[in-house]
Structure formats: C-alpha cells, structure tokens
Amino acid sequence: MPRAIARHELRRLLDEAAQVVEVLPKPEYEWAHIADAVNIPLKELDEASAARLERGRPVVVYCNDLQ
Amino acid sequence: MDWLSYGLPRGGSALLAGDVVDRSVATCDLDAPLGEARTRANDHGDGLCVVVADGDVVMGIVGGEALEGPAERRAEQAMTFGVSTVRPSEDVEALVERMSRAGVDAILVTSSDARLLGVLRRAEAESAARHRSPIARGGAASEG
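Residues numbered from 1 in each chain as written. Chains lettered and ligands numbered in written order. Predicted model: local features only at pLDDT ≥ 70, side-chain atom pairs only at ≥ 80, totals over all residues.

**Quick look at the packing of helix 4 (residues 92-102) of chain B against helix 5 (residues 122-131) of chain B**
To characterise two packed helices, one gives the angle between the axes of the helices and the distance between these axes. All names here are of chain B. Rules: Axis angles are defined between N-to-C directions and span 0 to 180 degrees, where every axis is a line fitted to C-alpha atoms and, for a helix, only to the segment in contact. Numbering of helices and strands runs from the N terminus; a helix is a DSSP stretch of H or I covering at least four residues, while a strand is a stretch of E covering at least two. Orientation is classified from the angle alone, with under 35 degrees giving roughly parallel, over 145 giving roughly antiparallel, 65 to 115 giving roughly perpendicular, and any other angle giving oblique. Note on convention: the crossing is left-handed when the near helix lies turned anticlockwise from the far helix by less than a right angle, right-handed when the turn is clockwise. C-beta atoms are first placed from the backbone for all residues, and any pair lying within 7 Å is then listed as a contact. Side-chain classes are defined by residue name, with Ala, Val, Leu, Ile, Met, Phe, Trp, Tyr, Cys and Pro counting as nonpolar, Asp, Glu, Lys and Arg as charged, and the others, Gly among them, as polar.
Contact geometry of helix 4 with helix 5 gives a least axis separation of 10 Å together with a crossing angle of 140°. Classified by the angle their axes make, helix 4 and helix 5 are oblique. For the pair helix 4 and helix 5, the sense of crossing is left-handed. Across from Val 92, Glu 93, Leu 95, Val 96, Met 99 and Ser 100 in helix 4, the residues of helix 5 making contact are Arg 122, Ala 125, Glu 126, Ala 128 and Ala 129. Of the residues that constitute the contact of helix 4 with helix 5, the class distribution is seven nonpolar, one polar and three charged.

Next comes the structure, spelled out in structure tokens:
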C-alpha cells in the first residue's frame, strides 16, 4: 500500500537497500537523480516495466518534490 | 527539484550550487557587536559577515560601509535585511548567468528553511562550470 514518507524515513530506507524509482522523463533523470535510483518515466510505468523491481524490497517512488 | 536541497547522494550530470558553495563564511549573532562582525569578516577576507539566529538561520548580512560603523553597534542594527539567497539545487550555469546580469559577485546559499549553507562566488562558479567540476570545501555551516 503506497504512503508518503519524509526525508528522514527515506534515509533509513536507503540504508536498508530500498529500491528508488524516479518517474520523471529521462532527460530530467539524467540531469540529476537520487543515487542508485532507476528511471521509469510515469508514462512508461506499467506491469512490464515494474517487473524490473524486486518483490519483497521496499520501493520508493519520487518526482520533483520527493513526494 | 526540492529533494536536491536535502543533501541526498545523487547521480546525473548537473552542476549545482551546492557543489560549488564555500561553506566557510563569517557569521555572527544578531546582538553581536559590530566590531566582532568586522573582525570575523576581515579574518575570512571577503568583507562579509552573515547575521544568523538559532545558530544558522540567516537574518541578514553586514558588509561594505556598514561594517565600518561604531564597534559597539549591534549587528542587527547594521545589517541589510531580506538578502537574496539561492538553494543548493540551483543549476550553476543558469545561476551564474543571472548573477552576471545583475552584477552580483556572491550570493548566500541556504536550505529551504533558511539555514545557511555557505556562499557562492560567481568567479568560482564560472570556473567550475567551465571545467564542469565541483569545488569541495568544508566549513562550519552544514545542511540540517
């Protein structure tokens, strides 16, 4: 079940090897992204693209405002 | 992007204000004597002292002629209030262009809650942009 998190919780999740996904378009991802985040642009986010992610590990999804 | 101001590790090609900020900058409290602010500014060599509250919340700056006032005057009385600041997430090339147009040689870098991170000097930022490399310098100010 998705829920919003604050940055201190993000740091904790990163330490616990959470998967991070940036959903902005590729050019913006290439300009800057959270280290180790993968890029799945929102328009491309579907069952097939999400299959890249590992089940059982937390997934953090973010956009411009880390929301 | 606001998350870039949180100090999280990042990848990508961007050169941001936080990469070229000088975190060593003279600061003083609101009620500090102007003589103290002057000494600190001179010790740092850039003729500027940032007036802070609660340790690092920017309230104003004292520089130039204002630093030359009576030593017993309080920094709060001499400071310029409402100074321009930028976030560490600002793109350096775009920022340098704006600073050049405005004739600004240096600008404070703060977090989104007004906490001082340091000062960005246009000459250094221009150099970093030309060489596309960050300038890593430590100092007293840190992101919280």
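**Some thoughts on the pairing of strand 4 (residues 57-63) of chain B**
Residues and elements named next belong to chain B. Where we set the bar: Only strands joined by at least two bridges in the DSSP assignment are considered to pair.
Where strand 3 (residues 48-53) meets strand 4, six bridges bridge the pair, whose relative direction is antiparallel. Within strand 4, the position partnered with Leu 48 by the bridge is Gly 63. Counted along the chain from strand 3 to the antiparallel partner strand 4, the turn is three residues long, and its residue Asp 54 has a positive phi close to 50°. Here two bridges tie strand 4 to strand 5 (residues 80-81), and the two strands are oriented antiparallel to one another. What sits directly across from Ile 61, in strand 5, is Thr 80.

**A look at helix 4 of chain B**
Residue and element names in this part refer to chain B. Applicable threshold: Three exposure classes are used. Buried residues have 20 or more other C-beta atoms within 10 Å of their own C-beta, exposed residues have 12 or fewer, and partly exposed residues fall in between, all C-beta atoms being placed from the backbone. Our arc is simply the arc of the directions from the helix axis toward the C-beta atoms.
Within the span of helix 4, buried status applies to Val 92, Leu 95, Val 96 and Met 99. Buried residues in helix 4, looked at end-on, bunch into an arc of 100°, giving them a common side. Along helix 4, exposed side chains directed more than 90 degrees from the buried face belong to Ala 94 and Arg 101. Check the buried side of helix 4 and you find it contacts helix 1 (17-20), strand 6 (85-86), strand 7 (106-110) and helix 5. Looking one or two places after helix 4, you find Gly 103, whose phi comes out positive at around 70°.

Worth remembering: the numbers are spatial, not functional.
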